[in-house]
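Chain by chain, the residues run as shown.
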Amino acid sequence: MSRKPIHLAAHFPGVNNTTVWTDPTAGSQIEFESFVHLARTAERGLFDFFFLAEGLRLREHRGQIYDLDVVGRPDTFTVLAGLAGVTDRIGLTGTINTTFNEPFEVARQFATLDHLSGGRAGWNIVTSSDAFTGANFRRGGFLTHADRYVRAEEFLRVAREFWGSWAPDAVVADVAAGVYVDPERIRSVEFSGSQFDVRGFATLPAGPRGQPVLLQAGDSDEGRSFGARHADALFTLHGSLEDGQRYYADVKSRAAAAGRDRDELKVFPAATFVLGDSEDEAQDKARHIRYQQVSGATAIAMLEQVWGRDLSSYDPGGPLPDFDPIVDSSITQGRVRHGDPIALSRKYRERAEAENLSIRELVIAVTSRQQFVGTPMHIADEIDRYIQADACDGFILVPHLTPHGLDEFVDRVVPLLQERGAFRTEYTGETLREHLGACH
Ligand SMILES: Cc1cc2nc3c(=O)[nH]c(=O)nc-3n(C[C@H](O)[C@H](O)[C@H](O)COP(=O)(O)O)c2cc1C
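Residues numbered from 1 in each chain as written. Predicted model: local features only at pLDDT ≥ 70, side-chain atom pairs only at ≥ 80, totals over all residues. Heavy atoms only, no water.

### Thoughts on the overall build of the protein chain
Okay, so step 1: Tallying secondary structure elements over the protein chain gives 15 helices and 17 strands in all.
Okay, so step 2: In terms of overall dimensions, the protein chain is globule-like: its C-alpha atoms have a radius of gyration of 23 Å, near the 22 Å expected for 440 residues.
Okay, so step 3: Each principal axis of the C-alpha distribution contributes one length, and for the protein chain these read about 80 × 50 × 45 Å.
Okay, so step 4: In the protein chain, which comprises 440 residues, the share counted as buried stands at 51%.
Okay, so step 5: By sequence separation, contacts in the protein chain at least 24 residues apart represent 75% of the contacts at least 6 residues apart. (Helix = DSSP H or I, 4+ residues; strand = E, 2+ residues; numbered from the N terminus. Rg over C-alpha atoms; globule rule 2.2 N^0.38 Å. Buried < 20%, exposed > 50% of the residue type's maximum accessible area, 1.4 Å probe, protein only. Contact = heavy atoms within 4.5 Å.)

Here it is as C-alpha cells:
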C-alpha cells in the first residue's frame, strides 16, 4: 500500500486551560498580531490550514464569568478576512454553527472569504450544544439535539443552493455595453422545509473553485453521519492510537455507505505537543506545563464541575471530598458535564487514594495530557506512525502558547517530516481543496 501523506493544521489557542497565559512569553488572545503570527508560522510550515473554534458565550461558574481560562474571542469572519490579506497559501477555516445563524448569510460570508483569499476558505460546521449559548440569540434554546442536525442538513442544502446559483459564466463584465451580469445565468434559490423558507438570489458567485471546503465537528451518531455525508474533513478529539483507529474506521465506512470515496473524507484529531532536546527534558517540560495549565484554583473549579457544588474551602494540596456529588447541578454553564458524576467521583477518589494524590495532582492526572512529548525526531516518528496506522490523516495542532506556540514545531519537526519524504516541501496547489487532496 502506498504511503499516506501527512496533513497538518494549526488551531489558534482556544478558550480553555490548554492555553497557558501565565507564561512570560504569552501574548494577546485578541490582538490581530497574534493571529498573524500563528497563521504565518503555520504557512511557513506549509500547513493545510489555520483553524478557529467558536464560543459565543462566556462560560460561567458559581454564577460568575469564569475567569480562570483565557477569554476573549473576536469575530471569526473578520479575523479570517484580515488574515487573507497577510497570507498567500494557507487555508483559512472557521467554526460557524448552523443553529443560530441563517444559511443565506453564512453562504455569503464564506463565498466572500473564498473570493478574498483565492479559494482558501473552509467552514467547520457545528450545531452547538446548549441553550446557555442560545440565550445570546433571539431563538434561545429552541432545538432538541435531533432537530439540530435536521436544521444543519437543511442549512447546508440551502447554502449549497446559493453557492450553486450563479453559473460560472454569469459574470459577463461587458463594460462597453454597461452589462456586468447575465440574469439568465443566475438562478433564484427557492427552498421550503421544516426549518427554512427561503426565496431569493445570492449576491455573489461562489468562490474560485465552487463551494468552500467543509469541515465538521460533532461526535453523536447523527453528528458522525452528517459529517461523513458532507464534510471534506472532520475535527475530532479521538486522538489516541486505538481510539483514533476505531473512529477513523467508523467515519470512513459511513462515508463509503453514503456513496463517497473513503479518501475524500480526511480525519484530523486535535493534538498537543511538547518538544525537548532529550526525552527527559521534554517530560520535565510537559510536567511543568501541566502545572501551569492546572493551577490550584483551576483544580478546585474542575472538581466543582464534577461535584456540582462549591468546594472553595478545600485545599488543592489536600485530599478529595469524601462525599458524593450533586447530580443535577448547574454550577457551570457553557461547559459540558461528561457522564455520571457519582461514578466519576468514585473513580477519582479511588485513584487519589491508590496513588496518594492531592486534588491538584488528581486533576492533572485525569484531565487531558499532552499527546506528543519528546525530541523532534520522536514526535515526527509518532505523527507519521499514527497516520500510517490509520488513526487519522493528519493533526490539528493545538499549541499551549499564544502566539509563539507553533514556532519550535515548524523549525524543528517539519524539516524531519520533509526529510523522510512524508510532508510537502512546497505548496503544490493554490487552494485549500488542493492542499487537502494533494499527495504532497
Ligand atoms: C472536536 C470538537 C470540536 C468542537 N468545537 C466546537 C466549537 O468550536 N464551537 C461550538 O459551538 N461547538 C463545537 N463543538 C460541538 C459541536 O458543535 C456539537 O454541538 C456538539 O458536539 C454536539 O453535537 P454532537 O452531539 O453530534 O457531538 C465541537 C465538537 C467536537 C467533537
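### Things to note about the side chain of Thr-99
Okay, so step 1: Relative to the helices and strands, Thr-99 resides in the loop between strand 5 (91–97) and helix 3 (103–117).
Okay, so step 2: A distance of 2.3 Å separates a polar atom in the side chain of Thr-99 from the backbone oxygen of Thr-127.
Okay, so step 3: Among all residues touching Thr-99, those that are not within four sequence positions of it are Thr-127, Ser-128, Arg-139, Phe-142, Leu-143, Arg-148 and Arg-151. (Polar contact = N/O pair within 3.5 Å; in protein donor to acceptor, adjacent residues only side chain to side chain.)

### Things to note about the domain arrangement of the protein chain
Okay, so step 1: In terms of domain boundaries, the protein chain breaks down into domain 1 (7–277 + 370–436) and domain 2 (295–367).
Okay, so step 2: Taking only C-alpha atoms into account, the centre of domain 1 sits 33 Å from that of domain 2.
Okay, so step 3: Roughly 1,100 Å² of surface becomes buried between domain 1 and domain 2 when both sides are summed, with 50% attributable to carbon and sulfur atoms.
Okay, so step 4: The tally of links between domain 1 and domain 2 comes to two salt bridges.
Okay, so step 5: Its salt-bridge partner being Arg-62, residue Glu-304 comes within 2.7 Å of it at the nearest N-O pair.
Okay, so step 6: One can count five residue pairs in polar contact (both at pLDDT 80 or more) joining domain 1 with domain 2.
Okay, so step 7: Tallied by class, the residues present in the side of domain 1 that touches domain 2 amount to three nonpolar, four polar and five charged. (Domains from an automatic or database assignment. Buried area = accessible area lost by both parts, 1.4 Å probe. Salt bridge = Lys/Arg side-chain N within 4 Å of Asp/Glu carboxyl O. Nonpolar A, V, L, I, M, F, W, Y, C, P; charged D, E, K, R; others polar.)

### Focus on the UniProt feature "binding site: FMN" (unreviewed entry) in the protein chain
Okay, so step 1: According to UniProt, the positions carrying the feature "binding site: FMN" (unreviewed entry) are Thr-95, His-145, Tyr-149 and Ser-220.
Okay, so step 2: Within the secondary structure, His-145 is located in helix 5 (residues 145–164).
Okay, so step 3: If sequence neighbours within four positions are ignored, His-145 has contacts with Ser-220 and Glu-222.
Okay, so step 4: Relative to the helices and strands, Tyr-149 resides in helix 5.
Okay, so step 5: In this view, Tyr-149 contacts Thr-127, Gln-216, Gly-218, Ser-220, Glu-222, Gly-223 and Phe-226; residues no more than four positions away in its chain are not counted. (UniProt positions renumbered as here; feature names shortened; annotations may be inferred.)

### Looking at the nonpolar core
In a soluble, globular protein the nonpolar side chains are often hidden away together inside.
Okay, so step 1: Counting 82 residues, the largest nonpolar core has Phe-47, Phe-50, Trp-123, Trp-163, Phe-395, Leu-406 and Phe-409 as the members making the most contacts within it.
Okay, so step 2: At eight residues, helix 5 tops the list of elements feeding residues into this core.
Okay, so step 3: When neighbours within four sequence positions are excluded, Phe-409 is seen to be in contact with Leu-8, Phe-47, Phe-273, Leu-275, Ile-379, Ile-383, Leu-397 and Val-414.
Okay, so step 4: Counting 17 residues, the second largest nonpolar core, distinct from the first, contains Leu-303, Trp-307, Leu-320 and Tyr-348. (Core = buried A, V, L, I, M, F, W, Y, C linked by side-chain atoms within 4.5 Å.)

### Thoughts on the packing of aromatic side chains
Okay, so step 1: Summed over the entire model, instances satisfying the criterion amount to 18 aromatic pairs.
Okay, so step 2: Relative to Phe-268, the ring of Phe-49 lies with its centre 5.2 Å away and its plane at 65 degrees, an arrangement referred to as edge-to-face. In this pair, Phe-49 sits in strand 2 (residues 49–52) while Phe-268 sits in strand 13 (residues 266–271), placing the two residues 219 residues apart along the sequence. Just as Phe-49 is buried, Phe-268 falls in that class too.
Okay, so step 3: Connected via pairs of aromatic rings, a cluster forms that spans Phe-77, Phe-110, Trp-123, Phe-155, Trp-163 and Phe-196. (Phe/Tyr/Trp six-rings, centres within 6.5 Å; stacked < 30°, edge-to-face > 60°.)

### Notes on helix 8 (residues 279–293)
At 3.6 residues per turn, the α-helix brings residues three or four places apart onto the same side.
Okay, so step 1: Compared with the 21 Å implied by 1.5 Å per residue over 15 residues, the 21 Å span of helix 8 between its first and last C-alpha is a close match.
Okay, so step 2: All of the buried residues along helix 8 are Ala-282, Ala-286, Ile-289, Arg-290 and Gln-293. Down the axis of helix 8, the smallest arc covering the buried residues is 105 degrees, so these residues share one side. In helix 8, the exposed positions angled more than 90 degrees off the buried face are occupied by Asp-280 and His-288.
Okay, so step 3: In this structure, the buried side of helix 8 is in contact with strand 14 (273–275), helix 9 (296–307), helix 11 (359–366) and strand 16 (372–374). (Expected span 1.5 Å × (residues − 1). Arc of directions from axis to C-beta.)

### A word on the site of the ligand
Okay, so step 1: Contacts to the ligand come from 18 residues, most closely from Ser-128, His-145, Tyr-149, Asp-219 and Ser-220.
Okay, so step 2: Residue Tyr-149 places a side-chain N or O atom 2.6 Å away from an oxygen atom belonging to the ligand.
Okay, so step 3: Here an oxygen atom of the ligand sits 2.6 Å away from a polar atom, N or O, in the side chain of Ser-220.
Okay, so step 4: Look at the ligand: alone it shows 600 Å² of surface, and the protein chains cover 79% of it.
Okay, so step 5: Only helix 5 and strand 12 (233–236) provide two or more residues apiece to the shell around the ligand.
Okay, so step 6: Among the elements that take part in the shell around the ligand, helix 5 stands out by supplying three residues, more than any other.
Okay, so step 7: Broken down by class, the residue content of the shell around the ligand amounts to six nonpolar, nine polar and three charged. (Near = heavy atom within 4 Å. Areas by Shrake-Rupley, 256 points an atom, 1.4 Å probe, with all protein chains shown as cover.)

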